[in-house]
Amino acid sequence: MAQPPTDAPLAGDTFVVRIEPMDWTFDATPNESLFEAARRSGIRLPTSCRNGTCRACISVLVDGSIRYRVEWPGLSSTEKEEGYLLPCVAVAQSPLVIDVPEAERIEPR
Ligand code: FES
């Protein structure tokens, strides 16, 4: 029987995500999108479709590792290589630094 990679995040793992340029932070688990995790912590990231197609949420991954909830997020391979990400369908796989100048403080949910 295949075993999961030993460095794969576990369900209970939590990663700190830092938003630049504000230097705000929130916690994200491997079970929620960065958009959902930020909102839970009182931070609104730009969004529209929330399914990885419209690109309204496009941001920059400065540091860290993510995976996508959808097979074909709306980014080209070049954009992925250049560090762009879609927080509405991106899930943290490590501590992250993301650049989202449009982020806003809201009431936590
Ligand atoms: S909100 Fe549409 S791609 Fe993220």
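This one's a predicted model, so the numbers in the text were calculated from it and none came from an experiment. (Residues numbered from 1 in each chain as written. Predicted model: local features only at pLDDT ≥ 70, side-chain atom pairs only at ≥ 80, totals over all residues. Heavy atoms only, no water.)

Turning to the sheet that holds strand β4 (residues 59–63), a few remarks are in order. Strand order in the open sheet made by the five strands is β2-β1-β8-β4-β6, with mixed pairing throughout. Bordering the open sheet on either side are β2 (24–28) and β6 (84–85), each of which pairs with just one other strand. Of the pairings in the sheet, the one linking strand β1 (residues 15–20) to strand β8 (residues 96–99) comprises four bridges and is parallel in character. Note on β8: the bridge partner recorded for I19 is I98. (Pairing = 2+ DSSP bridges. Helix = DSSP H or I, 4+ residues; strand = E, 2+ residues; numbered from the N terminus.)

Attention shifts here to the packing of aromatic side chains. By the definition in use, this model includes zero aromatic pairs. The ring of W24 carries the charged tip of R105 above its face, separated from the ring centre by 4.4 Å. (Phe/Tyr/Trp six-rings, centres within 6.5 Å; stacked < 30°, edge-to-face > 60°. Lys NZ or Arg CZ within 6 Å of the ring centre and 35° of its normal.)

This brings us to unusual backbone geometry. Looking along the chain, the bond that leaves E20 and enters P21 is cis, with omega of 5°. As for its position among the elements, P21 is in the loop between β1 and β2. Positive phi, close to 60°, is recorded for R50, a residue that is not glycine. With respect to the element layout, R50 can be found in the loop between β3 (43–44) and β4. Even without being glycine, R55 reaches a positive phi, approximately 75°. When you line up the elements, R55 lands in the loop between β3 and β4. A relative accessible area of 32% places R55 in the partly exposed class. (Buried < 20%, exposed > 50% of the residue type's maximum accessible area, 1.4 Å probe, protein only.)

None of this, on its own, says anything about what the molecule does.
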